[in-house]
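Next come the chains, spelled out residue by residue.
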Amino acid sequence: MNFFNDLADFSIAEIKELITLARRLEKKPEPRALEGKVLAMLFLSPSLRTLISFQSAMARMGGGTFVISPEMSIHGLESRSGIVMDGVAAEHIREAVPVIASYGDAIGIRAFAKRENLGDDLSDGEFRELTSLVDTPYINMESAINHPCQSLADWKTMDDLGIPARNGKFVLSWTWHPRQMPFAVPAATVHMAALRGMDVTVLRPEGFELPDIVMDKARQAATISGGSVTESDNRSSTMQGSHVIYANSWASVHHYGDRQAEDKIKPELRDWCIDEPWFENAANDCRFMHCLPVRRGVSVTDSVLDGPRSVVITEARNRMLVQMALLHQMLSRS
Amino acid sequence: MNFFNDLADFSIAEIKELITLARRLEKKPEPRALEGKVLAMLFLSPSLRTLISFQSAMARMGGGTFVISPEMSIHGLESRSGIVMDGVAAEHIREAVPVIASYGDAIGIRAFAKRENLGDDLSDGEFRELTSLVDTPYINMESAINHPCQSLADWKTMDDLGIPARNGKFVLSWTWHPRQMPFAVPAATVHMAALRGMDVTVLRPEGFELPDIVMDKARQAATISGGSVTESDNRSSTMQGSHVIYANSWASVHHYGDRQAEDKIKPELRDWCIDEPWFENAANDCRFMHCLPVRRGVSVTDSVLDGPRSVVITEARNRMLVQMALLHQMLSRS
Amino acid sequence: MNFFNDLADFSIAEIKELITLARRLEKKPEPRALEGKVLAMLFLSPSLRTLISFQSAMARMGGGTFVISPEMSIHGLESRSGIVMDGVAAEHIREAVPVIASYGDAIGIRAFAKRENLGDDLSDGEFRELTSLVDTPYINMESAINHPCQSLADWKTMDDLGIPARNGKFVLSWTWHPRQMPFAVPAATVHMAALRGMDVTVLRPEGFELPDIVMDKARQAATISGGSVTESDNRSSTMQGSHVIYANSWASVHHYGDRQAEDKIKPELRDWCIDEPWFENAANDCRFMHCLPVRRGVSVTDSVLDGPRSVVITEARNRMLVQMALLHQMLSRS
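Residues numbered from 1 in each chain as written. Chains lettered and ligands numbered in written order. Predicted model: local features only at pLDDT ≥ 70, side-chain atom pairs only at ≥ 80, totals over all residues. Heavy atoms only, no water.

Draft legend 1. Molecular detail of the overall build of chain A. The secondary structure content of chain A amounts to 12 helices and 12 strands. Scaling as 2.2 N^0.38, a compact globule of 334 residues should have a C-alpha radius of gyration of about 20 Å, and chain A matches this with 20 Å. Taking the principal axes of the C-alpha coordinates as reference, chain A spans close to 55 × 50 × 35 Å. Counting over 334 residues, chain A shows a buried share of 63%. For chain A, the share of sequence-separated contacts (at least 6 apart) that also reach a separation of at least 24 residues comes to 81%. Entry remark: accessible area of chain A is about 12,000 Å², with carbon and sulfur atoms responsible for 47%. In chain A, the 35 positive side-chain charges and the 43 negative ones have mean positions that sit 6 Å from each other. (Helix = DSSP H or I, 4+ residues; strand = E, 2+ residues; numbered from the N terminus. Rg over C-alpha atoms; globule rule 2.2 N^0.38 Å. Buried < 20%, exposed > 50% of the residue type's maximum accessible area, 1.4 Å probe, protein only. Contact = heavy atoms within 4.5 Å. Areas by Shrake-Rupley, 256 points an atom, 1.4 Å probe, with all protein chains shown as cover. Lys, Arg positive; Asp, Glu negative; His and termini not counted. Charge placed at Lys NZ, Arg CZ, Asp CG, Glu CD.)

Draft legend 2. Layout of the relation of the copies chain B and chain C. Rotating chain B by 120° and moving it 0.0 Å along the rotation axis overlays it on chain C with an RMSD of 0.0 Å. In symmetry terms, the pair is related by a three-fold rotation axis. The rotation axis passes nearest to the C-alpha of Gly62(B) in chain B, at a distance of 4.5 Å. Little of the interface of chain B is mirrored in chain C: 3% of its interface residues are interface residues there too. (Least-squares fit on C-alpha atoms with pLDDT ≥ 70 in both.)

Draft legend 3. Representation of the packing of helix α6 (residues 148–161) of chain A against helix α7 (residues 184–195) of chain A in the model. All names here are of chain A. Contact geometry for α6 and α7: axes closest at 10 Å, N-to-C directions at 40°. Between α6 and α7, the crossing angle belongs to the class labelled oblique. α7 is crossed by α6, and the crossing has right-handed handedness. For the pair formed by α6 and α7, the contact residues are Ser-151, Asp-154, Trp-155 and Met-158 on the first element and Ala-188, Thr-189, Met-192 and Leu-195 on the second. Taken together, the residues of the contact of α6 with α7 break down into 5 nonpolar, 2 polar and 1 charged. (Axes fitted to C-alpha atoms, helices over the stretch in contact; angles between N-to-C directions. Parallel < 35°, antiparallel > 145°, perpendicular 65-115°, else oblique. Left-handed = near helix turned anticlockwise from the far one by under 90°. Nonpolar A, V, L, I, M, F, W, Y, C, P; charged D, E, K, R; others polar.)

Draft legend 4. Quick peek at the interface of chain B and chain C. Taken together, the contact pairs 33 residues of chain B with 32 residues of chain C. The junction of chain B with chain C conceals about 2,800 Å² of combined surface from both sides, 57% of it contributed by carbon and sulfur atoms. Interface area lost by chain B to chain C is led by Leu48(B), Arg295(B) and Arg296(B), which between them contribute 22%. Linking chain B with chain C are 6 salt bridges, by the criterion used here. (Buried area = accessible area lost by both parts, 1.4 Å probe. Salt bridge = Lys/Arg side-chain N within 4 Å of Asp/Glu carboxyl O.)

Draft legend 5. Seen up close, the interface of chain C and chain A. The interface of chain C with chain A comprises 32 residues on the first partner and 32 residues on the second. For the pairing of chain C and chain A, the buried interface totals around 2,800 Å² over both sides, and the portion due to carbon and sulfur atoms is 57%. Considering only the side of chain C, the residues that lose the most area to chain A are Leu48(C), Arg295(C) and Arg296(C), jointly responsible for 23% of the buried surface there. In this structure, the connection of chain C to chain A is made through 6 salt bridges. With a closest N to O distance of 3.3 Å, Asp105(A) and Arg60(C) form a salt bridge. Between the two partners, chain C and chain A, sit 14 residue pairs in polar contact (both at pLDDT 80 or more). Breaking the side of chain C that touches chain A down by element, the ones donating at least two residues are α2 (49–60), α11 (302–306) and α12 (312–331) of chain C. The element contributing the most residues to the side of chain C that touches chain A is α2(C), with 8 residues. Of the residues in the side of chain C that touches chain A, the class split is 17 nonpolar, 5 polar and 10 charged. (Polar contact = N/O pair within 3.5 Å; in protein donor to acceptor, adjacent residues only side chain to side chain.)

Draft legend 6. Spatial organisation of the sheet that holds strand β3 (residues 64–68) of chain B. Residues and elements named next belong to chain B. Pairing within the open sheet is parallel, and its 5 strands lie in the order β1-β7-β6-β2-β3. Across the chains shown, the open sheet's two edge strands, defined by having one partner strand only, are β1 (3–4) and β3. Where strand β2 (residues 38–43) meets strand β6 (residues 106–110), 5 bridges bridge the pair, whose relative direction is parallel. Paired with Leu-39 across the two strands is Ala-106, which belongs to β6. On top of the sheet, helix α2 (residues 49–60) reaches β2, β3, β6 and β7 (138–140); it is set at about 175° to β2, its chief contact. Of the strands in this sheet, β2, β3 and β6 are in contact with helix α3 (residues 93–102), which crosses β2 at around 155°. (Pairing = 2+ DSSP bridges.)

Draft legend 7. View of the sheet that holds strand β12 (residues 287–289) of chain C. Residue and element names in this part refer to chain C. Taken in spatial order, the 5 strands line up as β10-β9-β8-β11-β12 in an open sheet, and their pairing is parallel. Bordering the open sheet on either side are β10 (228–232) and β12, each of which pairs with just one other strand. Neighbouring strand axes in the sheet, compared pairwise and without regard to direction, differ in orientation by 20° on average. The pairing of strand β8 (residues 169–174) with strand β9 (residues 199–203) spans 5 bridges and is parallel. Bridge pairing in β9 places Leu-172 opposite Val-202. Those strands touched by helix α6 (residues 148–161) are β8, β11 (244–248) and β12, and its axis lies near 165° from that of β12. Packing of helix α8 (residues 212–225) onto the sheet brings it into contact with β9 and β10, and relative to β10 it is tilted by some 145°.

Draft legend 8. Seen up close, the relation of the copies chain C and chain A. Screw-axis analysis of chain C against chain A gives a translation of 0.0 Å along the axis, an RMSD of 0.0 Å, and a rotation angle of 120°. When the interface residues of chain C are mapped onto chain A, a mere 3% of them are again interface residues, pointing to distinct binding faces.

Draft legend 9. A look at the domain arrangement of chain A. Residues and elements named next belong to chain A. One can read the domain layout of chain A as domain 1 (3–146 + 319–331) and domain 2 (162–310). Distance between the C-alpha centres of domain 1 and domain 2: 26 Å. With 18 residues of domain 1 at the interface, the matching set in domain 2 holds 23 residues. With both sides pooled, the region where domain 1 packs onto domain 2 buries about 1,500 Å², and carbon together with sulfur makes up 67% of that total. Of all residues in domain 1, Arg-49, Arg-115 and Leu-118 bury the most surface against domain 2, accounting for 39% of the area lost on that side. Summed over the shared surface of domain 1 and domain 2, the result is 1 salt bridge. (Domains from an automatic or database assignment.)

Written as structure tokens, this is what we have:
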């Protein structure tokens, strides 16, 4: 495996193989599988789970990690082309990224959406530019439009919980959030659930439709797997019989990068905070999922998050396990 | 061992066993004892020695570590209950702590006294709340009222130096400090010295008595071990025949959390800076101990700190060694 | 090997042995050579390559690392002697450095030139003071006047590329830079190239001569190796037949520590930005070297840096490899 950037790059069989390997490594640790191997991590955006789940994953297999983030170094990182570097930034990504990669056997990169230009973010321009600079295997640790490690962990979580794939009803719901959030997690999630063969509904208020390119990709995955993808702004009908509600927040495509304009339409959406009554018509054991961090009392109530529906800690723990499988496949044979 | 929170939770025999193991691991390293094991570390307060002595301890036995501190992540950590998370903090400790713990085989947590409410700090409320969120083994890396790793290292230091336990005279002395300091180290220290069976005197100016609950706990330990615990504001009589003076600074219980009020009574206590004349009546080879960091010329003079009495570097080095023993007991069998 | 501070402390045979070992470790990894060993790293100055190349080097041989930098700890580090520590800094280097060293099997220290007093920096006063506090093996990770790890990597880079030692023509060229830069890299570089037996010319505009002590040391190395050391401000004649141009920037000795005065003479030196025409009379395959970070469009043009002459990424990668050799020699036998 030379890169892990998008679940769409893998067959369903390959994804299932990764999940099987993750389970095996949990039950039967291989503390020397990656001895002498090193994972480089470049965090151009902040991280809690991703950082430490990868650090732990490598350590559990005898390997090492190192981390670079711009705030660590006073050099600053310049990314524009053809520039005269006369200002604060003392180093260009054209040197920094290949050097960082050269000290690792693989490199993981996180670079959130810049939320300046919708087209740039939807095409994952920055992440593509960064990975074009490295010739080692690379891992997407969340880019403008993808978060494949989260999706792989969520897939495993649903498998472990016995949530049905075929005929399983998956609701991806927009929730209120004080900030304008990127499309990475919702785009990865709707695609993952569709590829898993589920009947997926994107539940969101008017104005918060997911971008067409995101929906089209998910629908294509559903075609392969036998699932389906629809959207709705009707909570009650959408939640009917659902097995999972996956909460997230994302920007309005109509106001992308313009938080002030978006803020004008958001106050009346405050009730998009997932609460127990939402589950009235859902399947009895309908689960609540979220990639974390989650804002209590804003996106979801304490009672749902602290109750038996919530599997958010399990999802987070599965991040480490699926990443162990991923790193094992990527590095143990090289 | 499922937790290491307080020396009071262990028998004297168990403590001695840890020290014996620390010595064995120093002489005969076990570089694979903890291979594949990971220690999570959550630092809600700053650290130098604790951070790196644990990192080194795990690495020396083939294990790994990772660290989370609030300043690393822009998410911010909320800890209040029932709050609507509408502000800066994007993550609640109710998610963050279990997730961090789930990536480790054990978790160490540091959370200094908040110095807002004396009762809260004396009951170690925050640390108890944090550890109630984890189901892995945990280690107290200094809480509001305890610092058991420091105490274990200090115990070993005194054993190594041949400082007598029974009939050994231990002086815990308050020293001047420009800031209002917590009770964690003095509380742990007076208890440790008493439990070791020493005759302990808390030497402090009027107004800087240790809290009753701290003194009572130490007296109880003395009952078990055959030691004693008293207090005094008379340097000369207290230092008479003493084998150890352990310097520290702590808040006045009368002005807890009110630094301005405390500052009014402190200027005339500037001479509580340990100097060579203090040792006039002490045992000839009376040692100077301090947990570090120490302020030169403020809490102790250069001549004492740089002279042969000082064992502060040895104490710090012993932090790593006793923590190796602790981690070995906690993780090598699991 | 008890310290690695200056290539001048080693014979040419010893240096060649390190390079041979670096090549062997690259081809035939030894993932357990340093198991249970720990490298302490104290960064009093910022770092990208040095930090992560050492972290990776240790991990590749089964060892561990930890890092302390002043911004990590709120304690602050005081370094003045005889001071009353009544201010912000809560810890003195006289405690901090021995403690940090005591947790490692070796310590690496980075402390850039203070650029306050030329004599202090040329005598490497701060680095000498810091290393006088430790009794473990130590490594210079760039001090006021040296950067031996960079020089060892550059030596290997030239060997790997088949750049001739005897009769090889090496140009160390000053380049424009918006800031006042230290002498560490140019001093180490001119000495390294001379010790390798090359014919070295320091190319610099008037006013930017290297300090006499730096030139004298390089000339002494040339005497041993059969190389030569000269200086010039004539680009065209200097570049004639050259095999390597090594770009760097450094302060004017005439305005050391006085950036404003230096800035007055610098604007007209803007054309000291290495561009393709500089290579007109050079050897056909003349290489461009730089220790990084490099400012594009300021010190060197994009076309040179992105073209086939540039070996800057190779130099950086060799940092890790020679440091593996160094750590192997220092730690594997202990």
